[in-house]
Each structure stands twice: as structure tokens, then as C-alpha cells.
Amino acid sequence: MVQKSDKIWFDGKLVPWGEANVHVLTHTLHYGVGVFEGIRAYKCTDGRSAVFRLKEHVDRLFDSAKILHITIPYTREAIIKAIVETLQANRMAEGYIRPIVFIGDGMMGVHPGDNPIRVAIATWPWGAYLGAEALEKGIRVATSSYIRHHVNIMMTKAKASGNYLNSVLAKMEAKANGYDEAVLLDPDGYVAEGSGENIFLVRSGYLKTPPLTSILEGITRNSVMTLAADLGYKVVEERFTRDYLYVADEAFFTGTAAEITPIREVDRRVIGEGKAGPVGKNLQTEYFKVVKGENKKYESWLHYYSL
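Going by what an unreviewed UniProt entry lists, the protein is known as Branched-chain-amino-acid aminotransferase. Recorded in UniProt for the protein, the comment headed Sequence similarities (unreviewed entry) runs: "Belongs to the class-IV pyridoxal-phosphate-dependent aminotransferase family." Taken verbatim from the UniProt record of the protein, the Function (unreviewed entry) comment is "Acts on leucine, isoleucine and valine."

Below is the structure:
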């Protein structure tokens, strides 16, 4: 269950959590045309608080909106300011941030006409997305029967609300079959990503991740690739099959919610030693140093704020 906060920023003002409501005929509720972001704020080691890669997340929000013909009625700077204001209003030194841009009520039917574009920003406490133990022990995943969207069927570079029907079905299937998460293949049968995460594997000294063909360009993915290269790992963007994943030395998911979560089993095949491997564990350790402000090399990735 989402732990309720005090305030939600809604169409330019902070309102009580329980009053951030929409009409039942909200266009996006019916047709899925909306965009959103998942962002995290962390309590840093020095006592300050910082939003991780805030600018990049807001840039992607605007890029997603552009792809879907949505004009956000606020500037990027205004959205950044509103995110910080919402954290401050909820007295949150760390937590999860969900901005969403959607089409309001008015016209019905597939074409939204001149329905208003609405913007909301919610924040709430949220620990490890796949469970605290998952960060250490890893998770069990299954290849989904649902395929990641073809690039000309859905706009795969937009973090669009409607795109996630695919993810919801894959996740529900995986959970129903006793797994923690799903791996989706692309339309050509290659590994694409999880239901809400990018995927990496380690094999023969290389760190590999699928290229930006049918996948969402993850900000955590980019952060991990940059961090890994700086640590001396050989990073390759390359298509690979699910049986190549079976014989990986290590595998892990990345994402704002998932952070860096090891994969210990895929389709009942144990990956490596069946726990977090040395490369993934090292990247996980260094990643948490970055988000908590302990590595000054990546200071530009942190947007500090005070309560």
C-alpha cells in the first residue's frame, strides 16, 4: 500500500492528498494517453537531502510528452521547483516522486480535442521496490509470454501510461506463476527488459545490456553504464537471447524503483552462484555511495534541497 503523504501538487498548487481527484471521464483514464516519471530522493550521508538526476527525469518527462503530442502547461524549471516544493511540503528527507501529465475530461472518443492537460506530483516513502532482501539475495524471474512493444506499435521511447499495460500483464503473469518479476523479449525474440526495469548481464568479463531498440532509455541504466565504465568494466550494448542470459555469470535489473537488484534465477535456471555476484554487488555499493552524496565525482547528479 502507498503510504499517504500530506500534500500533492496538482495543477499549480498544493492540495491535501485526499482532494487530488479527477472526474471519472478523464480522457487518460479511458485511453491511456499520459506520461509520467519515477524519481527518488535520498538522505545523504552529510545530512542533506538530494533528488537523484532530477533534471534528466524532467527532461525525459517533456520528451515523452512531445512524442505523445502533449504540451505540458509549465516550464521544466517550474516542474523542478514544484517537485522540490512537494517534498518540502511533505517534510520528506527521502522518498519516491511521481510526476504525471495526463489529459483531463471534456471530449470523449479517441481524439481528445482540446481537453485540458493536467499535471500532478505526488511523493511518498518507498523502500526497496522488489523487497529489502532482494537487494542482497536476488530475485527469481520468468520469461513472459507477453512481448515488448514493437517500435511502430507503441512509442517505446516515451514513458507513457498506456505502454505499461504490457508491463502489468507481464508482472501479473510472473507473480501468478510464483516468480518475483518478468523478463520481456522484443518482437525479434531477444531479451528486452523487465516489466519496469532495464536488464544487465555479466559474462566473460563484459557487462552487457540490450541496445536502445525497443527499450525505454533508463536513467538508472545510463547511470550504471557510466559508473561501470569509470570503474574499469567493459560495457557493451548488445542484443542477447534468453538462453545467453541463462548462462550468464551474473544478471541484475536497474531502475529508479528497483535501483540495482540482482537476478538469482531465470526460468528455473540458477544464474551464477544464485546470489548477487561480485560485479553487481560492487556496482550496487558504488551506486548507493553516489546517491547518498559520498562520491563527489557525480555531484552534478544530485539536486540538493532543504526541509
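Caption draft 1: Fine view of the overall build of the protein. For the protein, the helix and strand inventory stands at eight helices and 17 strands. Relative to the 2.2 N^0.38 estimate, which gives 19 Å for 307 residues, the radius of gyration of the protein is 19 Å and therefore close to what a compact globule would have. If you line up the protein on its principal axes, its C-alpha atoms span 55 × 50 × 30 Å. The burial tally for the protein puts 51% of its 307 residues in the buried class. If you take every contact in the protein between residues at least 6 apart in sequence, the share linking residues at least 24 apart comes to 70%.

Caption draft 2: The environment of Phe52, seen in detail. Along the chain, the position of Phe52 falls in strand S5 (residues 49-52). Here Phe52 is in contact with Ile39, Arg40, Tyr42, His57, Ser223, Tyr287, Val290, Val291, Trp301 and Leu302, once residues within four sequence places are set aside.

Caption draft 3: Quick peek at the packing of aromatic side chains. Applying the stated criterion across every chain yields a total of 12 aromatic pairs. Consider the rings of Trp9 and Tyr74, whose centres lie 5.2 Å apart with planes at 70°: the pair is edge-to-face. Pair noted here: Trp9 is in strand S1 (residues 7-10) and Tyr74 is in the loop between helix H2 (54-67) and helix H3 (76-89), with a separation of 65 residues, a long-range link. For Trp9, a relative accessible area of 6% puts it in the buried group. The exposure class of Tyr74 is partly exposed, given its relative accessible area of 24%. For the ring pair Tyr96 and Trp126, a centre distance of 4.6 Å and an interplane angle of 85° mean the geometry is edge-to-face. Highlighted residues: Tyr96 in strand S6 (residues 95-103) and Trp126 in the loop between strand S7 (117-124) and helix H4 (134-137), separated in sequence by 30 residues. Owing to a relative accessible area of 4%, Tyr96 belongs among the buried residues under this scheme.

Caption draft 4: Structural view of the pattern of salt bridges. This structure, assessed with the given rule, holds 22 salt bridges. Measuring nitrogen to oxygen at the nearest pair gives 3.9 Å for the salt bridge that ties Glu299 to Arg48. Of the two residues, Glu299 sits in the loop between helix H8 (278-291) and strand S17 (302-305) while Arg48 sits in the loop between strand S4 (39-43) and S5, which places them 251 residues apart along the sequence. What makes Glu299 partly exposed here is its relative accessible area of 26%.

Caption draft 5: Representation of the packing of H2 against H3 within the structure. In the contact formed by H2 and H3, the axes pass within 10 Å of each other and the chain directions differ by 125°. Compared by their axis directions, H2 and H3 come out oblique. As for the relative orientation of H2 and H3, their crossing is right-handed in sense. Counted together, Leu54, Lys55, Val58, Asp59, Leu61, Phe62 and Asp63 of H2 and Arg76, Ile79, Ile80, Ile83 and Val84 of H3 form the full contact between these two elements.

Caption draft 6: Geometry of the domain arrangement of the protein. Taken domain by domain, the protein comprises domain 1 (7-124) and domain 2 (132-291). Contact with domain 2 buries area across many residues of domain 1, yet Phe36, Phe52 and Arg60 alone supply 34% of it, more than any other trio. Counting the contacts that link domain 1 with domain 2 gives one salt bridge. Measuring nitrogen to oxygen at the nearest pair gives 3.6 Å for the salt bridge that ties Arg40 to Glu259. For the pair domain 1 and domain 2, the number of links is 11 residue pairs in polar contact (both at pLDDT 80 or more). Elements represented by at least two residues in the side of domain 1 that touches domain 2 include exactly strand S3 (34-36), S4, H2 and S6.

Caption draft 7: Here's a closer look at H3. The end-to-end C-alpha distance of H3, which contains 14 residues, comes to 20 Å, matching closely the 20 Å that a straight helix rising 1.5 Å per residue would cover. Taken as a whole, H3 has its buried residues at Ile79, Ile80, Ala82, Ile83, Val84, Thr86 and Leu87. Once H3 ends, the next one or two residues include Arg91, with phi positive near 55°.

Caption draft 8: The pairing of S5, seen in detail. On S5, burial covers both faces: Ser49 and Val51 on one face and Ala50 and Phe52 on the other are all buried. Here three bridges tie S4 to S5, and the two strands are oriented antiparallel to one another. For Tyr42, the partnering residue across the bridge sits in S5 and is Ala50. Of the pairings in the sheet, the one linking S5 to S17 comprises four bridges and is antiparallel in character. Each residue of the ladder has a partner; that of Ser49, found in S17, is Tyr305.

Reading the values: the criteria
Residues numbered from 1 in each chain as written. Predicted model: local features only at pLDDT ≥ 70, side-chain atom pairs only at ≥ 80, totals over all residues. Heavy atoms only, no water. UniProt positions renumbered as here; feature names shortened; annotations may be inferred. Helix = DSSP H or I, 4+ residues; strand = E, 2+ residues; numbered from the N terminus. Rg over C-alpha atoms; globule rule 2.2 N^0.38 Å. Buried < 20%, exposed > 50% of the residue type's maximum accessible area, 1.4 Å probe, protein only. Contact = heavy atoms within 4.5 Å. Phe/Tyr/Trp six-rings, centres within 6.5 Å; stacked < 30°, edge-to-face > 60°. Salt bridge = Lys/Arg side-chain N within 4 Å of Asp/Glu carboxyl O. Axes fitted to C-alpha atoms, helices over the stretch in contact; angles between N-to-C directions. Parallel < 35°, antiparallel > 145°, perpendicular 65-115°, else oblique. Left-handed = near helix turned anticlockwise from the far one by under 90°. Domains from an automatic or database assignment. Buried area = accessible area lost by both parts, 1.4 Å probe. Polar contact = N/O pair within 3.5 Å; in protein donor to acceptor, adjacent residues only side chain to side chain. Expected span 1.5 Å × (residues − 1). Pairing = 2+ DSSP bridges.

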